[in-house]
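The residues making up each chain are set out below.
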Amino acid sequence: MRRLDVNSEDTHAPAYAGRWFTHDVPKYRLPSEGMSADAAYQLIHDELNLDGNPALNLASFVTSWMEPQADALAAETLDKNMIDEDEYPQTEVIHQRVVSMIGRLFHAPAGEHPTGTATIGSSEAIMLAMLAHKRAWQHRRREAGLDTERPNLVIGADVHTCWEKFANFFEVQARIAPMEEDRFTIGAAEVEALIDERTIAVAGVLGTTFTGQMDDLKGIDELLATVNEREGWQIPLHIDAASGGFVVPFSEPELEWDFRLPRVRSINVSNHKFGLVYPGMGTVIFRDRSDLPDDLIFHINYLGGDMPNYSLNFSRPSNSVVLQYFNFLRLGRAGYERIVATVLENAQALAASISGIEGLSLLNDGSRFPIVALRSDDDGLNLTALSHTLRERGWIVPAYTLPANAQRITVLRMVIRESFSRDMVDLLAHDVHAAVKAQRSGGPRRERPRTRIHC
Ligand SMILES: *Cc1c(COP(=O)(O)O)cnc(C)c1O
């Protein structure tokens, strides 16, 4: 986090030869006078040109383009607060329709009472799901006359940082199954070694942050069936489908990763990834209303009416929910299928054209998730330096080291989104080839890889 620069008297000097304003404007102190809206717009607009170009950002899964009609709806709904259900009842109706469509896409069982809510992203969705599982575990323990100390959560080292955040903030021990140099996901064996009577939940990932792969969700589900039965436990399985939840249902509808697996009690998805809406929106869905303990629901009446609420935030924008509804109506299943097929094709084309480069091997060829991940063989291509060279052309392609025990491996990862055309794929592949050639002729640069990645 940036430190506050409390002493700085740095100012914006007038630009455009004084056309907009002629006085210095403080950067770190509230200016004593304002300026015209045109001037403020121009000043900020110009400064933001220093940001990377979202269209060239292959580091992020997050949507950077929507249709103009979506932009219009977003602008029209900017002024509505999602929490004011009594004031904006139709927005709440749309919210419910969106959650219902997602629940049904994930095969929420009709015989139960699936329930869910939109969130600000998958991080909030995961916090809410895990809080529910922690509280449900505490209730079960108390009813059985047992203590509720030292709850734990079993995850793989392939999870997103928000999982460690949950464990840290909500005081649950994170039991993390490490990666190995030839395994970047987890399965039943890794989970079995870590679960016990204090496990509030096991989480599996559909589309991991690091390599874009899938944990053995079916295997973990079967393991939990056996262990729960044998020990009399009720350990639930949560699926983190942040990136894969809007891919697999359209590309491999027969793949069972969701509520079709009986131990899956909750799922999160990031709508701002392949749900194709701008940041920030995620969704959490519980298999049944009973997975969400009543004592976590707050009833608020000061906005009018009685509104049950389960969220971390209170106020939040409503436009992302409206945008998700727009995409659902606009695209339908067929539209999502077309888009997913195209991004997968483009990812595979990119993988094919750079996989031939000597010294690089593919960790992910884009066939299941639209992600191309490469590692450097031991001959010393420096992927961090390669990432910097690509940045000079404007491409944002992160290089990072994998978590333990695969920390010796550096990975270059590219996420292919809808807005990334085949032509862009060819241009990027060309520049990767050129950057490799330049590195080979100049000798490897010695730079330490960064461990932080953006998703
Ligand atoms: C992106 C991502 C997250 C975090 O999601 P946000 O919507 O950015 O909060 C969590 N898990 C996985 C697997 C992700 O890809």
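Each remark here, short or long, concerns the structure printed above.
Since the structure is predicted, the reported quantities are computational estimates derived from the model, not experimental observations. (Residues numbered from 1 in each chain as written. Predicted model: local features only at pLDDT ≥ 70, side-chain atom pairs only at ≥ 80, totals over all residues. Heavy atoms only, no water.)

## A word on the site of the ligand
Moving on, step 1. Taken together, 15 residues lie around the ligand, and S122, S123, D240, H272 and K273 are the ones closest in.
Moving on, step 2. The contact in question runs from a nitrogen atom of the ligand to an N or O atom on the side chain of D240, over 2.7 Å.
Moving on, step 3. The side chain of S270 places a nitrogen or oxygen atom 2.8 Å from an oxygen atom of the ligand.
Moving on, step 4. Look at the ligand: alone it shows 390 Å² of surface, and the protein chains cover 91% of it.
Moving on, step 5. Of the residues assigned to the shell around the ligand, the class counts are four nonpolar, nine polar and two charged. (Near = heavy atom within 4 Å. Polar contact = N/O pair within 3.5 Å; in protein donor to acceptor, adjacent residues only side chain to side chain. Areas by Shrake-Rupley, 256 points an atom, 1.4 Å probe, with all protein chains shown as cover. Nonpolar A, V, L, I, M, F, W, Y, C, P; charged D, E, K, R; others polar.)

## Topic: the packing of helix 4 (residues 122–143) against helix 5 (residues 161–169)
Packed helices, taken two at a time, are described by the angle their axes make and the gap between the axes.
Moving on, step 1. Axis separation between helix 4 and helix 5 bottoms out at 10 Å; the angle between their running directions is 45°. By the angle between their directions, the pair helix 4 and helix 5 is classed as oblique. Here helix 4 and helix 5 pass one another in a crossing that is right-handed. On helix 5, the residues touching S123, I126, M127, M130 and L131 of helix 4 are C162, W163, K165 and F166. (Axes fitted to C-alpha atoms, helices over the stretch in contact; angles between N-to-C directions. Helix = DSSP H or I, 4+ residues; strand = E, 2+ residues; numbered from the N terminus. Parallel < 35°, antiparallel > 145°, perpendicular 65-115°, else oblique. Left-handed = near helix turned anticlockwise from the far one by under 90°. Contact = heavy atoms within 4.5 Å.)

## Regarding the nonpolar core
Moving on, step 1. I195, V202, I239 and W257 are the most contacted members of the largest nonpolar core, which has 58 residues in total.
Moving on, step 2. At the level of elements, helix 2 (68–77), helix 3 (89–105), helix 7 (217–231), strand 7 (237–240), helix 8 (248–251), strand 8 (264–270) and helix 9 (319–355) are the ones that each hand at least two residues to this core.
Moving on, step 3. For this core, the leading source of residues is helix 9, giving 10 residues.
Moving on, step 4. Apart from residues no more than four positions distant in its own chain, I239 is found in contact with G204, L206, L217, W257, V264, S266, I267 and N268.
Moving on, step 5. Core analysis: the next-biggest nonpolar cluster, separate from the first, contains 28 residues, A349, L374, I416 and V425 among them. (Core = buried A, V, L, I, M, F, W, Y, C linked by side-chain atoms within 4.5 Å. Buried < 20%, exposed > 50% of the residue type's maximum accessible area, 1.4 Å probe, protein only.)

## What to know about the pattern of salt bridges
Moving on, step 1. All chains considered together, the criterion is met by 21 salt bridges.
Moving on, step 2. With a closest N to O distance of 2.8 Å, R198 and D147 form a salt bridge. Pair noted here: R198 is in the loop between helix 6 (188–192) and strand 6 (199–205) and D147 is in the loop between helix 4 and strand 4 (152–156), with a separation of 51 residues, a long-range link.
Moving on, step 3. Taking the shortest distance from any N to any O, the salt bridge between R175 and D196 comes out at 2.9 Å. Placement of R175 in strand 5 (residues 173–177) and of D196 in the loop between helix 6 and strand 6 is noted, with a sequence separation of 21 residues between them.
Moving on, step 4. Salt bridges sharing common partners tie together E112, R265, R287 and D291. (Salt bridge = Lys/Arg side-chain N within 4 Å of Asp/Glu carboxyl O.)

## Brief notes about the packing of aromatic side chains
Moving on, step 1. Counted according to the given criterion, the structure contains nine aromatic pairs.
Moving on, step 2. With a centroid separation of 5.3 Å and an interplanar angle of 25°, the aromatic rings of F166 and F170 are classed as stacked.
Moving on, step 3. The exposure class of F170 is partly exposed, given its relative accessible area of 22%.
Moving on, step 4. Chaining the aromatic ring pairs together yields one cluster made of F106, F246, F250, W257, F328 and Y336.
Moving on, step 5. The residue whose ring lies beneath K273 is F61, and the NZ or CZ to ring-centre distance is 4.9 Å. (Phe/Tyr/Trp six-rings, centres within 6.5 Å; stacked < 30°, edge-to-face > 60°. Lys NZ or Arg CZ within 6 Å of the ring centre and 35° of its normal.)

## Side note on the pairing of strand 4
Moving on, step 1. For strand 4, the tally of buried residues reaches five of five residues, placing the bulk of the element in the interior.
Moving on, step 2. Side-chain alternation along strand 4 places N152, V154 and G156 on one buried face and L153 and I155 on a second face that is also buried.
Moving on, step 3. The pairing of strand 4 with strand 5 spans five bridges and is parallel. If you follow L153 over to strand 5, its bridge partner there is A174.
Moving on, step 4. Between strand 4 and its parallel partner strand 5, the chain crosses via helix 5, and the hand of that crossover is right-handed.
Moving on, step 5. Looking at chain direction, strand 4 and strand 6 are connected through three bridges and run parallel. (Pairing = 2+ DSSP bridges. Right-handed = clockwise from strand over helix to strand, strands pointing away.)

Everything listed here is a matter of coordinates, which is why it stays silent on function.
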